[in-house]
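Below are the chains, spelled out letter by letter.
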Amino acid sequence: MRDKAQRDKPWIFRTYAGHSTAEASNALYRKNLSKGQTGLSVAFDLPTQTGYDSDHPLAKGEVGKVGVPISHIGDMRTLFDGIPLAEMNTSMTINATAAWLLALYVALADEQGVARKSLQGTTQNDIIKEYLSRGTYVFPPAPSMRLTKDVILFTTKEMPKWNPMNVCSYHLQEAGATPVQELAFALATAIGVLDAVKASGQCAPEEFSEVVGRISFFVNAGLRFVTEICKLRAFTELWDEITRERYGVTDAKQRLFRYGVQVNSLGLTEQQPENNVARILIEMLAVTLSKGARARAVQLPAWNEALGLPRPWDQQWSLRMQQILAYETDLLEYGDVFEGSPAIAAKVAELKQAAKEELAQIEKMGGTVAAVEQGYLKQQLVESNSRRVEAIERGEQIVVGVNRFVETEASPLADAAEAVVTVSPEAEAGQIERLAAWRDARDAKAVAAALEGLRKAAKTGGNIMPPSIACAKAGVTTGEWGFALRAAFGEYRAPTGVGTAMRNDAEGLDDIRAEVDRVSKKLGRRLKFLVGKPGLDGHSNGAEQIAARARDAGMEVVYDGIRLTAEAIVAAAAEKRVHVVGLSILSGSHMPLVQDVVARMKEAGLDDVPVVVGGIIPPQDASVLKSAGVAQVYTPKDFELNRIMSDLVRIVEGTAEAAK
């Protein structure tokens, strides 16, 4: 133990935040900073993440829902108004459009006279995990990796304090990854990116160690407390080995496994949500107790994120948890309290060995990009998540308040008025009006010239960052930047990971399969179920599990992946002659998107095809959707997938009988 004066510095305290408008988000950031938050973590809305302007048809209903809309440098000015960029450590959760948002940030810093070399922060910029879990990819893997490489090379030269990439295992765990898969898939991504930088010939050998040293990670910590501590120690040791043995990095500081963390949101429950406070605290301990593998930055979800957007008070509660641990306890006065533990050492060794075996398998396939394109990584995650869901359904994995100890008192927190933040339709309308005014006021010739420079760099292989910064300064919009690169690179649809073959080892489905067979005979053909994800929401874990369970229950399943238009869903329903449509929406845009699909179904003469909906949907919204014609609404509390399958069979049979 050391003297209190020699306490370690605490990690960076963050909250992941942003919604509605740049102005509202700026007010939230300034309020959180005044409460002792020491870094910003910016959440962008889905149109911004996928390279669309707020007034694009695909952005309808999505503007400002899961983050802040940033359509041009004017929005960026508003977002950081009164926040000194030279003093701030800013993390931006952005991937497909990372180069663009970083360009806007750099352009703003240039405007303010802030030296680029002084800027500190991180762009997530991990496109691989977008193909596997979060779904905000745009371009095919090869050009996407090229953009990642460009950002890394640019920041290494111009922004030496910036972390150009967070190799992101966080969303892998959210998608069902085991600790071994989280280790292996994230490390394989880092290897793929560094190999691409090295192979480009655009990085001098003497600069490569600096590139390695600026790569950071963004990880998840779940409730299996000891395993999570060991996973992070394994990450630290494996990264040290890889950077030393594969890349020859001799400076131990540049081999450090530097990571930020948001603890697990997947395990937060809609039932008895107050229990989430204990879950979040325990998960935070997993990434802070072990000094040898301690997080550099921590952001915690709020207790009510399974219900909707948290309020400032909810975020404050999570921030105070971090501050109490850092300042009221003696944690930072000690060395690594796990050093020398045989149990910890054995578990770390076990995880490392299994991760090395998985890494070897990925390498054998040709690396992480090949493993994405062949569908291997996605399929592994879908199967792991299926096993997790089934274990909860069977009660083998206990979730307090969900499948055990479900008796409960009414919650004064969850039942309070305005328990979550809601984004008004006026926020989207206002953003669109401001965007139109921005386009009218800018220099059209300067915009055209900047876009031509961007297109030229995309085609010739030049680094994308300088022309992107020029575009930002000229007033180019997010959608214009995105479509210029779409024209050069094309778009991509990743494998869904949901195979067509029924699983033979699925348990508890005999009765449901019999019902599916019985109703299929009445229908005169196999019961057919379309699973659709309208809008820009790419979180497909729930849709994948529903599709896989329906397949295993004997239904014929139509599932074409994420980001479908309402028109495409209705057209597929008509063409495939489906008996029921299931819509999955987790972005908070369920009201306009579902109502659009239902209206188009009626216009297409598909009134006799029932629609069910799943997502984070408040009770009052569920009532409105049912009034609009939705047959059933499911939320995270409906974890028993077999019961949902039984409901689908009942709904289809009832609809068929009513039509006679």
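Before reading further, recall that the structure is shown in the block above.
Scope of this entry: the structure provided in the associated data block. (Residues numbered from 1 in each chain as written. Predicted model: local features only at pLDDT ≥ 70, side-chain atom pairs only at ≥ 80, totals over all residues. Heavy atoms only, no water.)

**A look at helix 20 (residues 510-523)**
Then comes step 1: Taking 1.5 Å per residue, 14 residues should reach 20 Å; helix 20 reaches 20 Å between its end C-alpha atoms and fits that length.
Then comes step 2: Residues Ile512, Arg513, Val516, Val519 and Ser520 constitute the buried set of helix 20. The arc that holds the buried residues of helix 20, viewed along the axis, is 130 degrees, so those residues lie on one side. In helix 20, those exposed residues whose orientation departs by more than 90 degrees from the buried face are Asp510, Asp511 and Lys521.
Then comes step 3: Its buried side turned inward, helix 20 meets helix 21 (541-552) and helix 25 (641-658). (Helix = DSSP H or I, 4+ residues; strand = E, 2+ residues; numbered from the N terminus. Expected span 1.5 Å × (residues − 1). Buried < 20%, exposed > 50% of the residue type's maximum accessible area, 1.4 Å probe, protein only. Arc of directions from axis to C-beta. Contact = heavy atoms within 4.5 Å.)

**Section: the sheet that holds strand 14 (residues 611-615)**
Hydrogen bonding along the main chain pairs the strands of a sheet, whether they run parallel or antiparallel.
Then comes step 1: As summarised here, the arrangement of the 5 strands in space is 12-11-13-14-15, forming an open sheet in which the pairing is parallel. The outermost strands of the open sheet, each flanked by one partner alone, are strand 12 (556-559) and strand 15 (632-634). Sheet twist, expressed as the average angle between the axes of neighbouring strands with direction ignored, equals 20 degrees.
Then comes step 2: In this structure, strand 11 (residues 528-532) lies alongside strand 13 (residues 580-585), joined through 4 bridges in parallel fashion. By the bridge assignment for strand 13, Phe529 is matched with Val580.
Then comes step 3: Strands strand 11, strand 12 and strand 13 of the sheet are contacted by helix 22 (residues 566-576), whose axis makes an angle of about 165 degrees with strand 11.
Then comes step 4: Contacts from helix 23 (residues 590-603) reach strand 13 and strand 14, with the element oriented near 160 degrees to strand 13. (Pairing = 2+ DSSP bridges. Axes fitted to C-alpha atoms, helices over the stretch in contact; angles between N-to-C directions.)

**Notes on the packing of helix 6 (residues 141-158) against helix 8 (residues 179-200)**
Then comes step 1: Across the interface, helix 6 lies against helix 8 with an axial gap of 10 Å and an inter-helix angle of 75 degrees. When the axes of helix 6 and helix 8 are compared, the pair comes out roughly perpendicular. From helix 6, Met145, Thr148, Lys149, Ile152 and Leu153 reach across to helix 8, where they touch Gly192, Val193, Ala196, Val197 and Ser200.
Then comes step 2: Here the contact of helix 6 with helix 8 is built from residues that sort into 6 nonpolar, 3 polar and 1 charged. (Parallel < 35°, antiparallel > 145°, perpendicular 65-115°, else oblique. Nonpolar A, V, L, I, M, F, W, Y, C, P; charged D, E, K, R; others polar.)

**With respect to the pattern of salt bridges**
Charged atoms that come close allow side chains of opposite charge to pair.
Then comes step 1: Counted under the stated rule, the structure contains 51 salt bridges.
Then comes step 2: Its salt-bridge partner being Asp638, residue Lys637 comes within 4.0 Å of it at the nearest N-O pair.
Then comes step 3: Using a relative accessible area of 39% as the deciding quantity, one classes Lys637 as partly exposed.
Then comes step 4: Under the relative-accessibility criterion, Asp638 is labelled buried at 14%.
Then comes step 5: One connected set of salt bridges, linked through shared partners, spans Lys637, Asp638, Glu640, Arg643, Asp647 and Arg650. (Salt bridge = Lys/Arg side-chain N within 4 Å of Asp/Glu carboxyl O.)

In short, shape yes, function no, at least from these values alone.
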